[in-house]
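# An overview of the molecular structure
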Amino acid sequence: MKALLFTAILAITMILTGCDSGSEEIRVYQLSKPDGSAPTQAPQAPVAPFADSARAPATSVNPSSSMNALPGMEAAAAQIETPEWSVPEAWDELPPTSIRKGNFKTGSAGRTAEITVTAFPGDVGGLEANVNRWRQQIGLDPLPLASLQQNLREIEVDGQTAQYVDLMDPNNAGGIGIRGAIIPRGSHTWFVKMVGDQALLVQQEQDLLFFLSSVNF
Amino acid sequence: MAKRVLLFFTSLKLTVVLLGFSMALVFFGTLDQVNFGIHETQKRYFESILVFWNPLPPHSDSPFANIGLPLPGGYLLGPLLLINLVVAQSYRFRWSWKKSGILMIHVGIVLLIISEFVTDFFAVERQMWIDEGGTKNWSESYLENEIAIIDQTDPTLETVYAINSDKLRSGDWIEDERLPFRILVEKYYPNARIRRTGPEENIPPQASQGVAAGSGFIADWAQETFVDNEINADTAIVRLYDGEEDLGTWMISNLFDGDRFPAQQLKVGDRTYEIKLRFKRTYYPFSVTLVDFTHKRYPGTEIPKDFSSRVVVTNPAEGVERESLIYMNHPLRFEGHTFYQASFANQDTSSMLQVVRNPGWTLPYISVTMVGVGLLVQFGIGLSRSKTVRSPKRKGVAA
């Protein structure tokens, strides 16, 4: 009897140690998309209500992007020389990071905005892809380039033509918007992005344009 | 024969040998943690049958790099200790109230060993980053990655096809009737350095579509890192097929996050898909809103005193809305998950919660309590017996 007992225990523990604790290799599931109002459940199960601060009107840059070390891109960005510029008085300068060449914040009456200057090799997918990336960060749907023209206007930055991008969510006046510039320069593309409360963006437009006009590569 | 096997497994000498090996395993595992970090060391030493310890650093070119001191791993020692303890107790133990403390101690230790296996097999740890004022209903792994194909066609619904990436090898086919297309993994890098080709370099592009094609990126193999604060840039070059139609090659990497890089989209028939490689996600039926993150410092210094997250957890299906303050040593337990305050960023406006699901979380508490009570009981019995023996006034007791 006892021998049987210990053999059973031996067998069970050996089986347990042989078990693969890995989860299922392919998983299929559905999520409802935000539609501007409260997220709803779709009829199929299992469905999770979509509540993701990176897709809903954003309050800030996805924090994981500022915490992760990005070995390849860090090296690429580090090789690009930082230009000179004049910082508007209302902006507080923060220490640059491995990716952010310029890092500022501003605020008034409880509203805040963040201004970043980044640069990457190549065109990072092109104008349409980059504007749509910014649109998606504030919960707007992507659009073809022809429809994006209303959000774009040409400006000059250090003698080079750049695109000034104006993205405000008309359905969310108290929410987050983006204004900035995409500046192709040689074999790189520079991104100056101000993201924050839309009312503050309106107030800060002159400071943003002043900053852009002061950039000297 | 059976008798000899039984005597072997009930032997106290076996217990001493196994405990000796356990101490050696902990010692050498602690030494190797410098090279491999906590997670890799846990896998190599405690979630294995056999491990070889080598004093040389990992990826060393030395001819001695492949020779090591063999040690039984945790999955060999643990079951043997469990068998030894259970079999010895059932074979030798003669029940009496005077030995009840010993029984409790042994049951507590058995429970502790079992709890370790339960944690290994069933516990899941994830990270959840939330901005102040933001809400999240998903968390992600910091070690495991997945290929995610997202059907974006429907304006109200996304269908996600997620494939674990940890078992991928270059040349693998991923084919499953549930997937919208077939995937050939042309190249897979557990860690990669992604860069743009220089003007003098004559390297053919690795991808014909997507971000890498548009920006001239190539991925070079890089040594896997085990350092705790570094991530491995999980990267793959995949060729997609809709039936026999070649949809081109795409570079997907967990470095291509949505903030810096546009989504990689492709149209297959009348459907639009996005393909990406990202940290493995877990979605929940509830959501967590970060109301406020507080970071207190000792006055006049930058030395952190404490940090805490005030959150509201909502489960609309259950009609639950619960506010809670999460801070160090004060996690939130909700629907089988435990939320710990782990980190913060963005000038104290973003908080990271570590989300742990461990169905066996109570077992260590129960086992330690049983061992503690068992010790008290056994010492108490021994104490009362020795008092009885010493007292000359008691009748019928030998001096």
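Cut-off values and rules
Throughout this document, residue positions are counted from 1 along each chain, in the order its sequence is written. As a convention, the first chain written is A and the first ligand written is 1, with the rest following in written order. Thresholds applied to this predicted model are a pLDDT of at least 70 for local features of residues and 80 or more for the giving and counting of side-chain atom pairs; totals over whole chains, interfaces and linings are not thresholded and use all residues. Water and hydrogen atoms were dropped before computing side-chain values, which therefore reflect all heavy atoms in the structure. Per the convention used, a helix needs a DSSP run of H or I reaching at least four residues, while a strand needs a run of E reaching at least two, with both numbered from the N terminus. Residue contacts are counted whenever heavy atoms from the two residues lie within 4.5 Å of one another. Where accessible areas are quoted, they stem from the Shrake-Rupley method and a 1.4 Å probe; at the residue level, only the protein chains shown are allowed to cover. Only protein chains enter the accessibility calculation, which uses a 1.4 Å probe. A residue is then buried if its area is under 20% of the maximum for its type, exposed if over 50%, and partly exposed in between. Contacts described as polar in this section are N or O atom pairs within 3.5 Å, which, within protein, must combine one atom able to donate a hydrogen with one able to accept it, while residues neighboring in sequence count only if both atoms come from side chains. For two strands to be treated as a pair, DSSP must find no fewer than two bridges joining them. With axes taken as lines fitted to C-alpha atoms, and helix axes fitted only over the stretch in contact, angles between N-to-C directions fall between 0 and 180 degrees. Lining residues are those with an atom within 4 Å of a point, where the points come from a 1 Å grid over the protein atoms alone and group into cavities, where a 1.4 Å probe fits but cannot get out, or pockets, open sets with protein on both sides within 12 Å along at least five of seven lines. Grid points are joined across faces, edges and corners, and a volume is the space filled by probe spheres set on the points. Each residue is assigned to one of three groups, with Ala, Val, Leu, Ile, Met, Phe, Trp, Tyr, Cys and Pro labelled nonpolar, Asp, Glu, Lys and Arg labelled charged, and all others, Gly among them, labelled polar. By definition, pLDDT measures how confident the predictor is in each residue, and it falls between 0 and 100. Oblique is the label for any angle not covered by the other classes, which are roughly parallel (under 35 degrees), roughly antiparallel (over 145) and roughly perpendicular (65 to 115). Take the far helix as your reference; a near helix turned counterclockwise from it by less than a right angle gives a left-handed crossing, and one turned clockwise gives a right-handed crossing. When a carboxyl oxygen of Asp or Glu is within 4 Å of a side-chain nitrogen of Lys or Arg, the pair counts as a salt bridge.

### Describing the overall build of chain A
The secondary structure content of chain A amounts to 7 helices and 9 strands. Considering only contacts within chain A whose residues lie at least 6 apart along the sequence, 50% involve residues at least 24 apart. Summed over its atoms, the accessible surface of chain A is roughly 10300 Å², and 53% of this surface lies on carbon and sulfur atoms.

### With respect to the environment of Arg-281 of chain B
Residue and element names in this part refer to chain B. Looking at the secondary structure, you find Arg-281 in strand E13 (residues 271-297). Taking relative accessible area as the criterion, Arg-281 reaches 17% and is therefore assigned buried. Residues Arg-281 and Glu-146 lie 135 residues apart in sequence; the distance between their C-alpha atoms is 8.0 Å. In terms of polar contacts, Arg-281 uses its side chain to reach the side chain of Tyr-283, at 3.0 Å.

### Side note on the pairing of strand E15 (residues 320-327) of chain B
Residues and elements named next belong to chain B. Strand direction decides the pairing type here: strand E14 (residues 304-315) and E15, joined by 8 bridges, are antiparallel. When the bridges of E15 are listed, Val-313 appears paired with Arg-322. Counted between consecutive antiparallel strands, the loop separating E14 from E15 contains 4 residues, among which Gly-319 sits at a positive phi close to 65 degrees.

### A short note on the sheet that holds strand E4 (residues 100-108) of chain A
Residue and element names in this part refer to chain A. Strand order in the open sheet formed by 7 strands is E3-E4-E5-E9-E8-E7-E6, with antiparallel pairing between adjacent strands. Strands at the two margins of the open sheet, each flanked by one partner only, are strand E3 (92-93) and strand E6 (152-157). As defined by bridge partners, E6 adjoins strand E7 (residues 160-167) across 6 bridges and the pair is classed as antiparallel. Counterpart to Arg-153 in the pairing with E7 is Tyr-164. Set on the sheet, helix H4 (residues 127-137) makes contact with E6, E7, strand E8 (176-185) and strand E9 (188-197); between it and E8 the angle comes to about 160 degrees. Against the sheet, helix H7 (residues 205-214) touches E4, strand E5 (111-121), E6, E7, E8 and E9, its axis set at about 15 degrees to E8.

### Some remarks on empty space enclosed by the protein
Residues and elements named next belong to chain A. Summed over all chains, the structure comprises 1 cavity of 30 Å³ or more. In this structure, the largest cavity encloses a volume near 40 Å³. Residue lining of the largest cavity: Pro-83, Trp-85, Val-117, Ile-183, Trp-190, Val-192, Phe-211, Val-215 and Phe-217, and that is the complete set. Tallied by class, the residues present in the lining of the largest cavity amount to 9 nonpolar, no polar and no charged.

### Quick notes on the confidence of the model for chain B
Taken as a whole, chain B shows an average pLDDT of 87; of its residues, 96% reach a score of 70 or greater. The complex model carries a pTM of 0.63, and its ipTM stands at 0.79.

### Quick word on the packing of helix H3 (residues 74-92) of chain B against helix H4 (residues 100-122) of chain B
Residues and elements named next belong to chain B. Between H3 and H4, whose axes approach to 10 Å, the crossing angle comes to 150 degrees. The angle between the axes of H3 and H4 places the two elements in the roughly antiparallel class. Crossing geometry of H3 relative to H4 is assigned as left-handed. The segment H3 lies against H4, with Tyr-75, Gly-78, Pro-79, Leu-81, Leu-82, Leu-85, Val-86 and Gln-89 engaging Leu-103, His-106, Ile-109, Val-110, Ile-113, Ile-114, Phe-117, Asp-120 and Phe-121. Tallied by class, the residues present in the contact of H3 with H4 amount to 13 nonpolar, 3 polar and 1 charged.

### Details of the pattern of salt bridges
Summed over the entire model, instances satisfying the criterion amount to 19 salt bridges over all chains. With a closest N to O distance of 3.7 Å, Arg-182 of chain B and Glu-244 of chain B form a salt bridge. Placement of the pair is Arg-182 of chain B in strand E7 (residues 182-189) and Glu-244 of chain B in the loop between strand E10 (235-242) and strand E11 (245-253), with a sequence separation of 62 residues. Taking the relative accessible area as the measure of exposure, Arg-182 of chain B reaches 23% and is therefore partly exposed. The partner of Glu-274 of chain B in a salt bridge is Lys-276 of chain B, with the nearest N and O atoms 3.4 Å apart. Overlapping salt bridges bring together Arg-27 of chain A together with Glu-146 and Arg-278 of chain B as one network.

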